[in-house]
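Architecture and fold: a report
Each chain, written out:
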Amino acid sequence: MTARILVVEDNAVNLKLIRDVLNFLGYQVTVAHSGEEGVELARTGGPDLVLMDLQLPGIDGTEALRQLRTDPKIRHVPVVAVTASAMKHDREQATRDGFDGYLGKPLDIAALPDQIRSFLARGGGHVG
Ligand code: MN
């Protein structure tokens, strides 16, 4: 079974890049363009992993994470923060906020396959 990844990202260029890469790697990708849409699609779609942009229109990625964690059906799904802010402080803040991992933008495409496998493994599910 193919792992399903939900990508929440409001920037069309970033979204296309990550979707194309994940599709190439064989993952089933769903996209959301806002935090609200991301929460809704996570609830209805049951992804294996969520990649969450932090800066979003409407609710931000941290608030979207908080809402996901209140839902018993999906609270175990790993959620990874994605942000252009690469400061150590921000990485630590994302961890404190409860994210399962952190990806800096621009994404390191060469490193992404291993990173995605690692994040999926945190959910205890299949990694292929
Ligand atoms: Mn954004």
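Criteria and thresholds
Residues numbered from 1 in each chain as written. Predicted model: local features only at pLDDT ≥ 70, side-chain atom pairs only at ≥ 80, totals over all residues. Heavy atoms only, no water. Pairing = 2+ DSSP bridges. Helix = DSSP H or I, 4+ residues; strand = E, 2+ residues; numbered from the N terminus. Axes fitted to C-alpha atoms, helices over the stretch in contact; angles between N-to-C directions. Contact = heavy atoms within 4.5 Å. pLDDT = per-residue confidence, 0-100. Salt bridge = Lys/Arg side-chain N within 4 Å of Asp/Glu carboxyl O. Buried < 20%, exposed > 50% of the residue type's maximum accessible area, 1.4 Å probe, protein only. Donors = N, O, S within 2.8 Å, 3.2 Å for Na, K, Ca; no water.

Overall, parallel pairing links the five strands, which are arranged β2-β1-β3-β4-β5 in an open sheet. Edge positions in the sheet fall to β2 (28-32) and β5 (101-104), since each has one partner strand and no second. With direction set aside, neighbouring strand axes in the sheet form an average angle of 20 degrees. Relative to strand β3 (residues 49-53), strand β1 (residues 4-8) runs parallel, the two sharing four bridges. Considered in β3, the bridge of Val7 is made with Leu51. Contacting β1, β2 and β3, helix α1 (residues 12-24) runs over the sheet at an angle of about 165 degrees to β2.

With that settled, the discussion passes to the confidence of the model for the chain. Detailed conclusions should not be drawn from predicted coordinates in areas where pLDDT is low. Residue-level pLDDT values for the chain average 91, and 94% of them are 70 or greater. For the chain, the element scoring lowest by mean pLDDT is helix α4 (residues 88-96), at 84; β1 scores highest, at 98.

The next thing to look at is the pattern of salt bridges. What the rule picks out here adds up to nine salt bridges. Glu9 serves as the salt-bridge partner of Lys105, at 3.0 Å between the closest nitrogen and oxygen. Placement of Lys105 in the loop between β5 and α5 (112-122) and of Glu9 in the loop between β1 and α1 is noted, with a sequence separation of 96 residues between them. Take Lys105 and Glu9: they sit in the same class, and that class is buried. Residues Lys73 and Asp71 are paired through a salt bridge, measuring 3.9 Å at the closest nitrogen-oxygen approach.

Turning our attention to the coordination of the manganese ion. The coordination sphere of the manganese ion, as far as protein atoms go, consists of Asp10 (OD), Asp53 (OD) and Gln55 (O), spread over 2.0 to 2.1 Å. Along the chain, the residues donating to the manganese ion are arranged with the sequence spacing D-x42-D-x1-Q. Of the two residues, Asp10 is situated in the loop between β1 and α1 and Asp53 in strand β3; the sequence distance between them amounts to 43 residues.

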